[in-house]
Amino acid sequence: MKNIVSRILRSDLEGVWNNRAILFFRVFISLELIIVHGLKKIGVGVMQAEMIPNPMGLPEVLNSVFAISANIVFPLFIIVGFFTRVAIVPVLAVTLTGYFVVHGSDSLLEKDVPFMYSVSYLLLFILGAGKYSIDAKLS
């Protein structure tokens, strides 16, 4: 019984199941970001491309390229685990800007999507890509 309780409570980030969980999590959270938010920004699956907010007043082309890259290109890097922590930074820049600036005065119900993406990618930033990644093979 003590062994069962110990196994339930133990947290081994190097364990095979935890590395599989990190792989699963980074793949599916990134696919969700690409499919639900990224493809709309380039007009895939919708009648017209989504208007990209520019709350920081950046030049429009720079703002669009940055937002599209953070919603499509960098999540692909995260999926394969290539420079994962570096790829997460622009994604966090967009999601945290969405949370604090674009939806800053909105209710929690409207801020929950950028919040959940931000928390998810912060977790991946802290944990890294795990054993099943290009990062692990390079190191």
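None of the values given here were measured: they were computed from a predicted structure.

Asker: Sorry if this is basic, but what is going on with the overall build of the protein chain here?
Answerer: Looking only at helices and strands, one finds six helices and zero strands in the protein chain. Going from the N terminus to the C terminus, the protein chain shows its helices and strands as α-α-α-α-α-α. Considering only C-alpha atoms, the protein chain reaches an extent of 60 × 35 × 25 Å along its principal axes. Counting the 139 residues in the protein chain, one finds 32% classified as buried.

Asker: Would you mind showing me how to read the side chain of S120 here?
Answerer: With respect to the helices and strands, the residue S120 is situated in helix α5 (residues 108-127). The contact partners of S120, leaving out residues within four places of it in the chain, are F25 and I29.

Asker: Please explain the nonpolar core as it appears in this structure.
Answerer: For soluble globular proteins, the rule of thumb is that nonpolar side chains tend to be buried together. Core analysis: the largest hydrophobic core is formed by 11 residues, namely I22, I29, L33, I78, A87, I88, V91, L92, Y117, Y121 and L124. Listing elements by their share of this core, those giving two or more residues are α2 (16-41), α4 (84-102) and α5.

Asker: Sorry, what's going on with unusual backbone geometry here?
Answerer: The phi torsion of most residues other than glycine is negative, and most of the peptide bonds are trans. Phi angles above zero are rare outside glycine, and F83 is one such case at about 50 degrees. In this fold, F83 is placed in the loop between α3 (60-80) and α4.

Asker: When you look at the pattern of salt bridges in this model, what are you seeing that I'm missing?
Answerer: Side-chain pairs of opposite charge can arise where the charged atoms are in close proximity. Counted by the stated rule, this structure contains two salt bridges. Across the pair E50 and K40 runs a salt bridge whose closest N-O atoms are separated by 3.5 Å. Within this pair, whereas E50 is found in the loop between α2 and α3, its partner K40 is found in helix α2, the two being separated by 10 residues in sequence. Linking K41 and E50 is a salt bridge whose minimum nitrogen-to-oxygen distance equals 2.9 Å. Taking the relative accessible area as the measure of exposure, K41 reaches 13% and is therefore buried. Taken together, the shared-partner salt bridges connect K40, K41 and E50 into one network.

Asker: Help me out: how do you make sense of the confidence of the model for the protein chain in this one?
Answerer: As a general rule, the predicted coordinates of low-pLDDT regions are not to be interpreted in detail. Chain-level pLDDT for the protein chain is 92 on average; 96% of the residues reach the 70-or-more range. Summarising per-element confidence for the protein chain, the mean pLDDT is lowest in helix α1 (residues 2-9) (74) and highest in α3 (97).

Asker: Honestly, the packing of aromatic side chains in this entry has me stumped. Any pointers?
Answerer: Aromatic ring pairs are defined here through the distance separating the ring centres and the angle between the ring planes. What the rule picks out here adds up to six aromatic pairs. Plain terms: the ring middles of F77 and F82 are 5.8 Å apart, the flat faces sit at 80 degrees to each other, and that makes the pair edge-to-face. For F77, a relative accessible area of 33% puts it in the partly exposed group. Ring centres of Y99 and F100 lie 4.8 Å apart, and the angle between their planes is 90 degrees; on these two criteria the pair is classed as edge-to-face. We classify Y99 as buried; its relative accessible area is 15%. Put simply, the rings of F74, F77, F82 and F83 pair up and form one aromatic cluster. Between K111 and the ring centre of Y99, over which it is positioned, the NZ or CZ distance is 4.6 Å.

Asker: What is the right way to read α4 from this model?
Answerer: Side chains three or four residues apart in an α-helix point the same way, a direct result of the helix having 3.6 residues per turn. Here α4 is 19 residues long and its end C-alpha atoms lie 26 Å apart, about the 27 Å a rise of 1.5 Å per residue gives. Where α4 bends most, the angle comes to about 25 degrees, and this point is V91. Within α4, burial applies to T84, A87, I88, P90, V91, L92, T95, T97, G98 and Y99. The inward-facing, buried residues of α4 contact α2, α3, α5 and α6 (134-138).

The rules behind each value
- Residues numbered from 1 in each chain as written.
- Predicted model: local features only at pLDDT ≥ 70, side-chain atom pairs only at ≥ 80, totals over all residues.
- Heavy atoms only, no water.
- Helix = DSSP H or I, 4+ residues; strand = E, 2+ residues; numbered from the N terminus.
- Buried < 20%, exposed > 50% of the residue type's maximum accessible area, 1.4 Å probe, protein only.
- Contact = heavy atoms within 4.5 Å.
- Core = buried A, V, L, I, M, F, W, Y, C linked by side-chain atoms within 4.5 Å.
- Salt bridge = Lys/Arg side-chain N within 4 Å of Asp/Glu carboxyl O.
- pLDDT = per-residue confidence, 0-100.
- Phe/Tyr/Trp six-rings, centres within 6.5 Å; stacked < 30°, edge-to-face > 60°.
- Lys NZ or Arg CZ within 6 Å of the ring centre and 35° of its normal.
- Expected span 1.5 Å × (residues − 1).
- Bend = angle between axes of the 7 residues up to and from the residue.

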